Amino acid sequence: MKQRPRIQKDKKIAVFKTAVRSVWGYEKVFKTYLQAQEQAGLWAYARHLSGAEQLQARQKQSNETAKFVVSFSPKITTDLYIEFNGTTYKVASIDPYEYNKTDLEIRAEEISPPTFDEVEYEEY
């Protein structure tokens, strides 16, 4: 089996999801981080996509602008958001790299941050 080149996961990213719930008869938007508050995020490799990679993404009707590589987790899905360096990204696609459950390559597009009423943390 071909080995993926080693990359250095030296950046912290925060991964979160949003959900609308009824609280005392009012609709509230919750922002739930996938990691515990004391972890302050997940270790990741992060970079902007090259011009050629962005062009290739646009041909697939996608506005991907960034690439993140994190350790494998079944909790990482395409309905999540990533915060990195003050910018919010929406997960556009996930490549499990040969399904060997070691790393996930995430392609994301830069967006305006969603609004929310409350923040929660869960154990990763």
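Please refer to the structure placed before this passage.
Cut-offs applied
Residues numbered from 1 in each chain as written. Predicted model: local features only at pLDDT ≥ 70, side-chain atom pairs only at ≥ 80, totals over all residues. Heavy atoms only, no water. Helix = DSSP H or I, 4+ residues; strand = E, 2+ residues; numbered from the N terminus. Contact = heavy atoms within 4.5 Å. Buried < 20%, exposed > 50% of the residue type's maximum accessible area, 1.4 Å probe, protein only. Phe/Tyr/Trp six-rings, centres within 6.5 Å; stacked < 30°, edge-to-face > 60°. Lys NZ or Arg CZ within 6 Å of the ring centre and 35° of its normal. Pairing = 2+ DSSP bridges. Salt bridge = Lys/Arg side-chain N within 4 Å of Asp/Glu carboxyl O.

S.K.: Help me understand the environment of Asp10 in this model?
M.R.: On the secondary structure map, Asp10 appears in the segment before strand E1 (11-23). For the pair Asp10 and Leu42, spaced 32 residues apart in sequence, the C-alpha to C-alpha distance is 9.6 Å. If we ignore the near neighbours within four places in the chain, the residues touching Asp10 are Trp43 and Ala44.

S.K.: Would you take a moment to explain the side chain of Thr88 for this structure?
M.R.: Looking at the secondary structure, you find Thr88 in strand E6 (residues 87-95). According to the relative accessible area criterion, Thr88 is buried, its value standing at 6%. What Thr88 contacts, discounting residues up to four positions off in sequence, is Phe16, Tyr81, Ile82, Glu83, Glu109, Glu110, Ile111, Pro113 and Pro114.

S.K.: Just checking my understanding: could you explain the packing of aromatic side chains for this structure?
M.R.: Two descriptors summarise a pair of aromatic rings, namely the distance from one centre to the other and the angle between the planes of the rings. If you walk through the whole model with that rule in mind, you get five aromatic pairs. Ring plane angle 15° and centroid distance 5.2 Å describe the contact between Phe16 and Tyr81, whose orientation is recorded as stacked. With Phe16 in strand E1 and Tyr81 in strand E5 (residues 81-84), this residue pair connects regions lying 65 residues apart in the sequence. The same class applies to Phe16 and to Tyr81, which are both buried. Within the aromatic cluster, the residues linked to one another by ring pairs are Phe16, Tyr33, Tyr81 and Tyr121. Across from the ring centre of Phe30, 4.0 Å away, lies the NZ or CZ of Arg21, which sits over that ring. Its end group placed over the ring of Tyr81, Lys90 keeps NZ or CZ at 5.1 Å from the ring centre.

S.K.: Would you take a moment to explain the pairing of E1 for this structure?
M.R.: Along any regular strand, the residues point their side chains to alternate faces of the sheet. Inspection of the sheet shows E1 paired to strand E3 (residues 42-48) by three bridges, in the antiparallel sense. Opposite Ile13, over in E3, you have Leu42 as the bridge partner. As paired strands, E1 and E5 are joined by three bridges and run antiparallel to one another. When the sheet's bridge partners are listed, Ala14 is paired in E5 with Glu83. Summarising the sheet, E1 and strand E2 (residues 26-33) pair through eight bridges and their orientation is antiparallel. Within E2, the position partnered with Thr18 by the bridge is Lys31. Hairpin connection, E1 to E2: the antiparallel pair is bridged by two residues, and Trp24 has positive phi, about 55°.

S.K.: I'm lost on the pattern of salt bridges in this one. Help?
M.R.: Two side chains bearing opposite charge may form a pair once their charged atoms approach each other closely. All told, the structure shown has nine salt bridges when counted by the stated rule. Two residues, Glu118 and Lys28, come together in a salt bridge whose shortest N-O distance is 2.7 Å. Linking Glu118 in strand E8 (residues 118-121) with Lys28 in strand E2, this pair joins segments that are 90 residues apart in sequence. For Glu118, a relative accessible area of 32% gives the class partly exposed. Across the pair Lys75 and Glu122 runs a salt bridge, and its minimum N-O distance is 3.5 Å.

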